[in-house]
Amino acid sequence: MRVIFLDIDGILNNLCLKNPWTRPDGTIQEPVQGTKTVWRNTIGMDYDKVERLNKILDSSDWSIIISSSWGFSRDTIQALICFGFKHTHRIVGGTYNGCGRGNQIWNTIKDNPSITDFITIEDEPFDIIGEHESVTPEMREFFKDRVFSPNPYVGLTDEIVEKVIKYHKENK
């Protein structure tokens, strides 16, 4: 199984959203009844960024593992759907808590031998490939060419989408 470890904040939204709940037609997206976590203390998602994620999945066989403070939950799935995500059937799980995002991903891969290839889309990779105290030289080498990192003030861009699609085609 080929997996994208997906962060959400800074990827499917950005820190510059003026009104994160505005739909493309200008109307306001209201929180879905019964949801809790997703709509509290978040800045929502951006339809354009979610559509870019759809484009990656439309052209690949990647599955998704949520590696985000949003967590892998019904609320997260519902929020993705509300913002236009078309591939919920390809979300296969989430990372569990650990010391640093890199360790969470590392442990998930080690515990799941069915993962044959992976990338991570993460806006703050310091605890995956950076100088964070939890990152070992072995981890840094392991993750080296597999981290796609947009600017959190911009989010997922067409350029990163093309890089992910290219990586997928070149590493089948």
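Here, every reference points to the structure presented above.
Remember, it's a predicted structure, so these values are computed and weren't measured experimentally. (Residues numbered from 1 in each chain as written. Predicted model: local features only at pLDDT ≥ 70, side-chain atom pairs only at ≥ 80, totals over all residues. Heavy atoms only, no water.)

K.L.:
Whenever I open this one, the overall build of the chain confuses me. Can you help?
P.N.:
Across its full length, the chain holds five helices and five strands. Its helices and strands in sequence order give the chain the pattern β-α-β-α-β-α-β-α-β-α, from N to C terminus. Burial analysis of the chain (172 residues in total) assigns 52% to the buried set. Considering only intrachain contacts with a sequence separation of at least 6, the fraction spanning at least 24 residues in the chain is 77%. For the chain, the exposed area adds up to about 8700 Å²; of that, 49% sits on carbon and sulfur atoms. (Helix = DSSP H or I, 4+ residues; strand = E, 2+ residues; numbered from the N terminus. Buried < 20%, exposed > 50% of the residue type's maximum accessible area, 1.4 Å probe, protein only. Contact = heavy atoms within 4.5 Å. Areas by Shrake-Rupley, 256 points an atom, 1.4 Å probe, with all protein chains shown as cover.)

K.L.:
How should helix 1 (residues 47–58) be read in this particular structure?
P.N.:
Each α-helix winds once per 3.6 residues, and so residues spaced three or four apart point in a common direction. Under the 1.5 Å per step criterion, the end-to-end length of helix 1 is 16 Å for twelve residues, consistent within 8% with the ideal 16 Å. Those residues of helix 1 not exposed but buried are Y47, K49, V50, R52, L53, N54, I56 and L57. Buried residues belonging to helix 1 abut strand 1 (2–6), strand 2 (63–66), helix 2 (74–82), strand 4 (117–121) and helix 5 (158–170). Measuring from the backbone nitrogen of D48 back to the side-chain oxygen at the start of helix 1 gives 2.8 Å, which picks out D46 as the cap. (Expected span 1.5 Å × (residues − 1). Polar contact = N/O pair within 3.5 Å; in protein donor to acceptor, adjacent residues only side chain to side chain.)

K.L.:
Would you mind going over the packing of aromatic side chains with me for this structure?
P.N.:
Any two aromatic rings considered together are summarised by their centre-to-centre distance and by the angle between their planes. Considering all chains together, one arrives at nine aromatic pairs under this definition. Pairing Y47 with F83 gives two aromatic rings, centres 4.9 Å apart and planes at 50°, and the pair type is tilted. Of the two residues, Y47 is situated in helix 1 and F83 in the loop between helix 2 and strand 3 (91–94); the sequence distance between them amounts to 36 residues. Taking NZ or CZ as reference, K110 lies 4.3 Å from the ring centre of W106, over its face. When the ring centre of F142 is taken as origin, the NZ or CZ atom of R146, which lies over that ring, is 6.0 Å away. (Phe/Tyr/Trp six-rings, centres within 6.5 Å; stacked < 30°, edge-to-face > 60°. Lys NZ or Arg CZ within 6 Å of the ring centre and 35° of its normal.)

K.L.:
Is there a simple way to think about the pairing of strand 3 in this case?
P.N.:
Sheet faces and side chains relate simply in a regular strand, where the side chains alternate between the two faces. Bridging between strand 2 and strand 3 involves three bridges; their strand directions are parallel. The residue bridging I66 from the neighbouring strand is G94, located in strand 3. Crossover handedness for the path strand 2 to helix 2 to strand 3: right-handed. (Pairing = 2+ DSSP bridges. Right-handed = clockwise from strand over helix to strand, strands pointing away.)

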